[in-house]
Amino acid sequence: DHLPRENKPKDRDEQKGDRIIYIRASKMDLKMALEECSIALNLFLNNKFSEALDRLRPWAKESMYHALGYSTILVMQAAMTFEHQDIQRGISTMKDALHTCQRFRKKNTVVESISNLVTKQASEQLKEEEMHAEICYAECLLQKAALTFVQDENMINFIKGGLKIRTSYQIYKECQQLLNMTQDLDSKNETYSQFEGGVKLGIGAFNLMLSLLPGRILRLLEFIGFSGNREFGLSQLREGAATHSLRAVLCVLTLLMYHTYVSLILGTGEGNLVEAEALLEPYLDKFPNGSIILFYAARIAVLKGNFERAEVKFQECIASQQEWKQIHHLCYWELMWSHSFQRQWLEAYRYADLLCKESKWSKAIYMFQKAAILSMLPDDEVKKTGENIVELFRQVEGLKQRIAGKSIPTEKFAVRKARRYLPSNPVKLVVPALEMMYVWNGFTIVGKRADLTEGLLITIEKAEEQLRCDPNPTEYHPDDQCLVQMLKGLCLKHLGRLMQSELCFTQVVASEKMIRYDHYLVPFSLYELGLLYKQQGDFQKAIRFIENAKLNYKDYSMESRLHFRIHAALNSLKSSPATTP
């Protein structure tokens with residue numbers, strides 16, 4: 001009896017039970033499967049994660065929708081925990097799901113089916129079940145590729161992942177052609193609109209994702225000939241969100257992710273909060289305690305600068321369930337920043353400390369963040385916490401991880417900054433918590449609140465004064481001065497003092513030759529100057545400065561992050577009306 005349950009030979013009753021399930025499953029038609037998955041999705045949104053999995057598991061080998069739903073939940077869990085065994089489990093259930101979907105796919109290719117359609121053999125060519133099998137297969141491929149990227153340091157797997165993404169994209173494009181051709185058929189039914197929802201989710205998400213990628217990254221991923229149209233992607237997701245299909249909520253969550261995170265970290269911070277609130281509202285009514293829904297409600301409050309309301313909502317989210325602790329970690333991260341924006345450093349430290357202890361996501365970032373936040377406190381306050389800032393910074397380098405064979409840029413940045421604490425006489429970082437705030441585009445958020453921006457400006461000007469009066473400046477002195485100028489420029493910009501802001505950024509660019517370590521400050525300052533000119537309506541000048549940052553600098557910290565932001569800024573500038581000289 002010591003055999004693990006999976007490895008035990010099945011007794012006769014169990015075999016009989018399996019057969020009953022199998023018989024019931026063989027009667028599990030498409031319509032029934034969609035209804036079952038809809039129930040599981042509602043359980044999931046009501047924090048009943050295990051119940052949702054229990055509902056899907058028995059049919060996961062027989063029904064493509066059960067297979068897709070079951071593996072999707074496990075993939076989400078893996079992406080949140082970052083635990084090696086969760087990632088392995090996610091990948092293996094995805095393999096099973098692909099296998100299940102494959103059994104329902106048409107034996108010849110979709111391309112042939114489409115050419116048959118063109119010859120007006122109607123959509124009989126692809127039976128309804130086969131249409132759904134294509135879309136489920138593409139969805140599984142995409143998720144498996146994403147997990148493969150995370151899991152392995154091996155370049156071969158990285159390329160394999162890229163190829164899977166391309167295959168998935170091709171299937172979606174073919175399904176879209178199919179959808180366009182069958183739009184006029186009279187025989188549309190409930191399952192057809194579920195297929196339509198799947199196509200809109202896939203095409204929408206792909207277009208949005210590809211539209212964010214700068215050209216050089218598209219080339220790296222070999223997405224040759226692929227290009228994303230952001231507006232088309234958003235409109236497909238909006239149409240998908242408005243349907244009653246199973247994937248409507250996934251379209252909503254994709255749009256929320258885009259408006260509340262992606263546009264901020266990889267864009268210029270122009271997410272559409274009005275749309276985000278409107279999308280979330282019906283789900284807040286339907287799932288008032290759903291942790292994922294509450295989380296987004298809190299995040300929207302953060303982005304509106306309403307940190308007090310956000311904190312209440314994050315606490316509600318934490319209290320709403322205990323099963324997926326990873327959702328608590330997301331809340332701790334947000335609460336850490338929310339308190340940082342308000343310069344409540346002790347509270348911010350408590351959340352950074354919790355993350356260090358509980359979350360596997362990025363130990364190096366959490367450790368750096370904790371030390372950086374403590375650096376903002378007076379020495380006697382730090383003593384009360386019992387922490388040693390120098391020791392914390394010294395641990396950062398040993399915690400760095402690799403994903404797909406590469407270090408994570410923000411971790412690399414933290415490691416580089418923390419090295420100042422390695423020698424026996426460490427050189428203190430200047431306002432490190434505010435520097436990290438900039439890395440995550442936090443000034444765009446705190447800039448919504450003049451009172452808090454003034455507070456940050458006071459902190460920055462104090463640091464500026466200390467550097468000015470430093471009796472024995474170190475080799476890091478010019479870099480520190482430039483950092484302080486750039487952060488000061490950001491505060492002044494958000495306070496509407498644009499000329500003073502311009503002077504700060506210009507000063508950084510003029511000091512380029514003196515900078516020894518933080519070379520990233522110059523291209524980032526050029527980019528900020530570009531945004532400043534855009535704000536003043538001088539688009540020609542804006543483009544010139546941003547192009548300068550793009551073309552004339554390389555091999556600096558967080559280069560790819562800036563290229564994402566540059567790509568977004570140039571796109572928005574080129575779609576703006578031409579300026580009059």
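Residues numbered from 1 in each chain as written. Predicted model: local features only at pLDDT ≥ 70, side-chain atom pairs only at ≥ 80, totals over all residues. Heavy atoms only, no water.

In the nomenclature of an unreviewed UniProt entry, the chain is known as Tetratricopeptide repeat protein 39B of Lepisosteus oculatus. Database annotation for the chain, UniProt heading Sequence similarities (unreviewed entry): "Belongs to the TTC39 family." (UniProt positions renumbered as here; feature names shortened; annotations may be inferred.)

(A) Spotlight on the overall build of the chain. The secondary structure content of the chain amounts to 29 helices and two strands. Taken across its 581 residues, the chain has 54% of its residues classed as buried. A separation threshold of at least 6 residues defines the contact pool for the chain, and within that pool the share at least 24 residues apart is 67%. Counting only carbon and sulfur atoms, one obtains 54% of the accessible surface of the chain, whose full area is about 26900 Å². (Helix = DSSP H or I, 4+ residues; strand = E, 2+ residues; numbered from the N terminus. Buried < 20%, exposed > 50% of the residue type's maximum accessible area, 1.4 Å probe, protein only. Contact = heavy atoms within 4.5 Å. Areas by Shrake-Rupley, 256 points an atom, 1.4 Å probe, with all protein chains shown as cover.)

(B) Seen up close, the environment of Lys-412. Relative to the elements of secondary structure, Lys-412 occurs in helix H21 (residues 409-418). Along the sequence, Lys-412 and Gln-401 sit 11 residues apart, while their C-alpha atoms lie 9.4 Å from each other. In contact with Lys-412, not counting residues within four places along its chain, are Lys-400 and Ser-407.

(C) Quick look at the pattern of salt bridges. Counted under the stated rule, the structure contains 32 salt bridges. Between Lys-304 and Glu-277 there is a salt bridge whose closest N-O contact spans 3.1 Å. Note that Lys-304 is positioned in the loop between helix H14 (291-303) and helix H15 (307-320) and Glu-277 in helix H13 (residues 273-286), a separation of 27 residues in sequence. Note on Lys-304: relative accessible area 44%, which makes it partly exposed. The exposure class assigned to Glu-277 is partly exposed, which follows from its relative accessible area of 35%. Several salt bridges share partner residues, and in doing so they unite Glu-461, Glu-464, Glu-465, Arg-468 and Lys-488 into one network. (Salt bridge = Lys/Arg side-chain N within 4 Å of Asp/Glu carboxyl O.)

(D) Quick peek at helix H27 (residues 521-535). The end-to-end C-alpha separation of H27 is 21 Å, in line with the 21 Å expected for 15 residues at 1.5 Å each. Extensive coverage of H27 is indicated by the burial of 14 of its 15 residues. Residue Gly-537 follows H27 closely and has a positive phi angle near 85°. (Expected span 1.5 Å × (residues − 1).)

(E) Representation of the packing of aromatic side chains. Under the defined criterion, the tally for this structure stands at 23 aromatic pairs. On the basis of an interplanar angle of 50° and a centroid distance of 4.8 Å, the ring pair of Tyr-169 and Phe-206 is categorised as tilted. You can see Tyr-169 sitting in helix H8 (residues 155-182) and its partner Phe-206 sitting in helix H9 (residues 190-212), a full 37 residues away along the chain. As far as burial versus exposure is concerned, Tyr-169 and Phe-206 are alike and both buried. In this structure an aromatic cluster arises from ring pairing among Phe-307, Trp-333, Trp-337, Phe-341, Tyr-366 and Trp-440. One cation-aromatic arrangement involves Arg-105 over Tyr-137; the distance from NZ or CZ to the ring centre is 3.9 Å. (Phe/Tyr/Trp six-rings, centres within 6.5 Å; stacked < 30°, edge-to-face > 60°. Lys NZ or Arg CZ within 6 Å of the ring centre and 35° of its normal.)

(F) Quick peek at the nonpolar core. Formed by 191 residues in total, the largest nonpolar core has its most connected members in Tyr-65, Phe-368, Leu-434, Phe-443, Leu-487 and Tyr-520. The contact partners of Phe-443, leaving out residues within four places of it in the chain, are Leu-434, Met-437, Tyr-438, Leu-456, Leu-487, Leu-490, Cys-491 and His-494. (Core = buried A, V, L, I, M, F, W, Y, C linked by side-chain atoms within 4.5 Å.)

(G) Layout of helix H11 (residues 230-241). For H11, built from 12 residues, the straight-helix expectation of 16 Å at 1.5 Å per residue is met to within 8% by its first-to-last C-alpha distance of 16 Å. Considered for burial, the residues of H11 that qualify are Arg-230, Gly-233, Leu-234, Gln-236, Leu-237, Gly-240 and Ala-241. Buried residues along H11 cover an arc of 160° about the axis, so they all sit on one side. (Arc of directions from axis to C-beta.)

(H) Inspection of the environment of His-477 at higher detail. Positionally, His-477 belongs in helix H25 (residues 477-494). Given a relative accessible area of 13%, His-477 falls into the buried group. His-477 has contacts with Leu-467 and Asp-470, leaving out every residue within four places of it along the chain.

(I) Just the environment of Lys-370, in detail. By secondary structure assignment, the location of Lys-370 is in helix H18 (residues 363-374). Measuring from C-alpha to C-alpha, the distance between Lys-370 and Asp-353 comes to 6.3 Å, with 17 residues separating the pair along the chain. Ignoring any residue separated from it by four or fewer positions in sequence, one finds Lys-370 in contact with Tyr-349, Ala-352, Asp-353, Cys-356, Glu-387 and Leu-392.

(J) The packing of H14 against H15, seen in detail. The interhelical angle for the contact between H14 and H15, taken along N-to-C directions, is 165°, at an axis separation of 8 Å. On the basis of their axis angle, the class for H14 and H15 is roughly antiparallel. Crossing of H14 against H15: the hand is left-handed. Counted together, Ser-291, Leu-294, Phe-295, Ala-297, Ala-298, Arg-299, Ala-301 and Val-302 of H14 and Phe-307, Arg-309, Ala-310, Lys-313, Phe-314, Glu-316, Cys-317 and Ser-320 of H15 form the full contact between these two elements. Here the contact of H14 with H15 is built from residues that sort into 10 nonpolar, two polar and four charged. (Axes fitted to C-alpha atoms, helices over the stretch in contact; angles between N-to-C directions. Parallel < 35°, antiparallel > 145°, perpendicular 65-115°, else oblique. Left-handed = near helix turned anticlockwise from the far one by under 90°. Nonpolar A, V, L, I, M, F, W, Y, C, P; charged D, E, K, R; others polar.)

(K) A look at unusual backbone geometry. We note that Arg-343 has phi near 55°; this positive angle belongs to a residue other than glycine. In this structure, Met-558 takes a positive phi of about 55° despite not being glycine. Along the polypeptide, Met-558 turns up in the loop between helix H28 (539-551) and helix H29 (559-574). A residue is classified by how much of its surface remains accessible, and Met-558, at 5% relative accessible area, is buried.

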